[in-house]
Amino acid sequence: MIQEIALGLLTSSVAVEGTSRLIVDIAMYFGLFVIVAMALNFQYGNAGIPNMGCAVQVIIGGFTVSAITTRLIFTLAGNAGVEILPWTSDYDWVYNSPVNVNIVNSWLSGKPLFCISMLLFTIAINLVLGAVIGWLISLPAIRLRATYLMIVLITMADASQIFGRNITWISGGTLGLFIPDIFKWYSGDRTIVMAIITLLIGLISFFIFRTMLNSPYGRLMRAIRENEVTVGSVGKNVTGIRRNILMFASGITAISGALIGFYFSYVVEANYQRALWTYWPWLMLILGGPGNNAGTFLGCALVTALRRIIIVNKWFLQEVFFFPIAYFEQILLGVLLIAVIIFRPNGIIPEKLLYIPGVNYRKLVDEEVVVDWRSASKSRGASSGISGIFRTLGGKKEEAGD
Amino acid sequence: MDMDTILFWVMIAIWVIMPAFIVYEEIRERKALAESEAATEELQVANE
Amino acid sequence: MLIPAIWIAALTYASELTLLSMGFTLTYLTAKIPNFAHGTYAGIGIYVSYTFSKILGFSPYWGFPFSFVIGGLISILIYFLVIGVLQRLGGGAIVLTISTLAIQIFLAGATNIYAFWLRAKYSTYASLFMLKDFDFKLGDFPGIFIVSMGLTVSCVILLHYMLTRTKIGVAMRATAEDPELASVLGININQVQVFSWFLTGGMASLAGSMIPLWFMSTPTTGAMMITPIMAGSLLGGFENVYGAVIGGLAVGVSEIMLTYWGSVILGAWVGEYRPLIPMIFLVIILLIEPRGLQGVWEKIIASDSGQSILKSLGLLKEEPVT
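Residues numbered from 1 in each chain as written. Chains lettered and ligands numbered in written order. Predicted model: local features only at pLDDT ≥ 70, side-chain atom pairs only at ≥ 80, totals over all residues. Heavy atoms only, no water.

Draft legend 1. Layout of the interface of chain C and chain A. With 45 residues of chain C at the contact, the number on the chain A side is 42 residues. Between chain C and chain A, roughly 4000 Å² of surface is buried when both sides are summed, and carbon and sulfur atoms account for 78% of that area. Sorting the residues of chain C by area buried against chain A places C:I94, C:I98 and C:I105 first, and these three jointly supply 15% of that buried surface. Where chain C touches chain A, the interface holds 0 salt bridges. Among the secondary structure elements, those contributing two or more residues to the side of chain C that touches chain A are α3 (63–89), α4 (93–122), α10 (226–235) and α12 (276–288) of chain C. (Contact = heavy atoms within 4.5 Å. Buried area = accessible area lost by both parts, 1.4 Å probe. Salt bridge = Lys/Arg side-chain N within 4 Å of Asp/Glu carboxyl O. Helix = DSSP H or I, 4+ residues; strand = E, 2+ residues; numbered from the N terminus.)

Draft legend 2. Representation of the nonpolar core in the model. Among the nonpolar cores identified, the biggest contains 212 residues, and A:L259, A:W277, B:M11 and C:I98 are the most heavily contacted of them. Top contributing element to this core by residue count: helix α2 (residues 18–46) of chain A, with 17 residues. (Core = buried A, V, L, I, M, F, W, Y, C linked by side-chain atoms within 4.5 Å. Buried < 20%, exposed > 50% of the residue type's maximum accessible area, 1.4 Å probe, protein only.)

Draft legend 3. Highlighting the packing of helix α11 (residues 241–265) of chain C against α12(C). All names here are of chain C. It is at 9 Å that the axes of α11 and α12 come closest, and there the two elements cross at 130°. It follows from the interaxial angle that α11 and α12 lie oblique. Considering only the axes of α11 and α12, their crossing is right-handed. Packed against α11, whose contacting residues are V251, S254, E255, L258 and T259, the element α12 presents I277, P278 and F281 at the interface. Its residues assigned to classes, the contact of α11 with α12 shows 5 nonpolar, 2 polar and 1 charged. (Axes fitted to C-alpha atoms, helices over the stretch in contact; angles between N-to-C directions. Parallel < 35°, antiparallel > 145°, perpendicular 65-115°, else oblique. Left-handed = near helix turned anticlockwise from the far one by under 90°. Nonpolar A, V, L, I, M, F, W, Y, C, P; charged D, E, K, R; others polar.)

Draft legend 4. Spotlight on α3(C). Residue and element names in this part refer to chain C. Taking 1.5 Å per residue, 27 residues should reach 39 Å; α3 reaches 37 Å between its end C-alpha atoms and fits that length. Of all the bends found along α3, the most pronounced is centred on Y79 and spans about 45°. Looking one or two residues beyond α3, the residue adopting positive phi is G90, at roughly 90°. (Expected span 1.5 Å × (residues − 1). Bend = angle between axes of the 7 residues up to and from the residue.)

Given below as structure tokens:
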């Protein structure tokens, strides 16, 4: 309920209204999900790691804002002589949060440079913490089969939410925590600034991912996805490369969690549900076509527009349905996922062959190469995905096949 | 014209540039792929 | 009372979990995928019980056979519409697992909508309830304690009998071992798959319909149970139905008892962390011995000292082939 009040406060004070407000909102969510889905595409589409734990990385981003950035701003404000209410104990941390944030906001209003440095600091911390989480995830990933890894990651997303709910000093437990407004220096509508920053970060991360995919490292990633035993046999460190990919992508994913915290000026664990931050990005990835960024973008645009339109027309739909609209979204998500998997296994834009000047794959490979991710793990034989190497390492019986 | 409106259109511009660039690159790469294929085929025909 | 109430709760929960874990393992054996929708079948069972007791006015026990059939039919429907289609199209393990996740999301949404429909139609609050009032007493014990234990034990015995003595059970085991070889030998794999999906769905739904007789239930109770189910199944070795029996019992009892003892010793805040216990089980098992108790057992059999111990106990019948 506090969430709704916070949202109401947020929307009431802005100048941009009506349709433009909706556009800003869609742009913001598009930017956020582009970051998450592109990192997912990097991990699953190109390196073949089924990361079902995006929610863990996103929640880390949110907790960074509430637990580290807010504390830092309070400390610095206290040192600068601003009189803020006590915030060190758990109780004060939660219940003085609205008042403190108000006081700090008026202090922040004259310091654009400080605010921007705080934003950059948060992003830097996110990259580091996300990388740490990625490293932690990669520890079981080195040992486990792909399906086991999915189980562990899904439970980890739930576990992180339980910690967020019960440990007050992270994000204020179930009540949530207000975040100092780092765009107080801008007199107009700060959500637009936030959306621009999010889209820019999405754009930058797109260029980073694109450059990495077109580099020799990207070709190495795809080679690992296709057949890791071959890659290992020519002297590449497969597990090390996997670990690096997970760490890098986790860091990027964590940024989006921080951005949404700043967007709402409010962090609560209920905002970081695994359904929202894992299943929807996966739908975007599979719908658009895993393995190429254009598909991911298209999937993102379609799904975000769909969700936002549903939410905006909530009051109209609520009259038609007798149940909360969230459950309709669930049904839609399930049906869409299954339909895409069955009817468009390659996504809307299928993965294309890598273009390297002077090389013609179709002539190199005698038979026609069909990149079908659905049957991929079968055609890739015993060394499919993460499972293969552990099967090989564990001395388990190899599957019959090519 | 106030700052909000300007920033709003900047946002729209970024939002449009991003997919436009991706589509442009996608088309270019697919074209290059098809061309290199055709070139190799021609080369083979000439060799034969 | 002979047994403290907390132990009754723990054993009831553990026997329900055992049924669920057994079904989960059976699905993994025949279809080779972890079925994330398995917990949601239990959610369906919960609402069958609710419908029978609060709406139709019968005892919830009358709903058990219906619950079994409804769960089984939904499970078969899932097999025909999604899993079977994907298997025929040649989906890999990751794709099939994602599809079960999608089914789980869909079914959870449908259960929630059904709860709201009940609220709109009959104006009863169906989103948080308990059916303890509909239970009967057998001596000192609540009926559900006896019934859940009895049902689970008889299910284990029936399943054991079916898997070892009947034709369909042997066919199921053969399909689990090697589907291609089984089909060469004239086993109709499709039939076996349909039967096993019906059985697992029915068992899960049956277990679910026992939950509200002792525990507080919501539409998401079933979906939340997937972690303990997987922990139980994994503890038993993931590929062994009998292991799942032990695993389900161990995880169920320890989930409730550890929370209880923790809240007695450390304070009431431990109760909030109850869902973490199966997760900790899961992670520890996966990191130490990914094959669970079965792996431990095989290691004992393979080691020399283990063999001598087993021989002295008279458990080892034949000399192992080296």
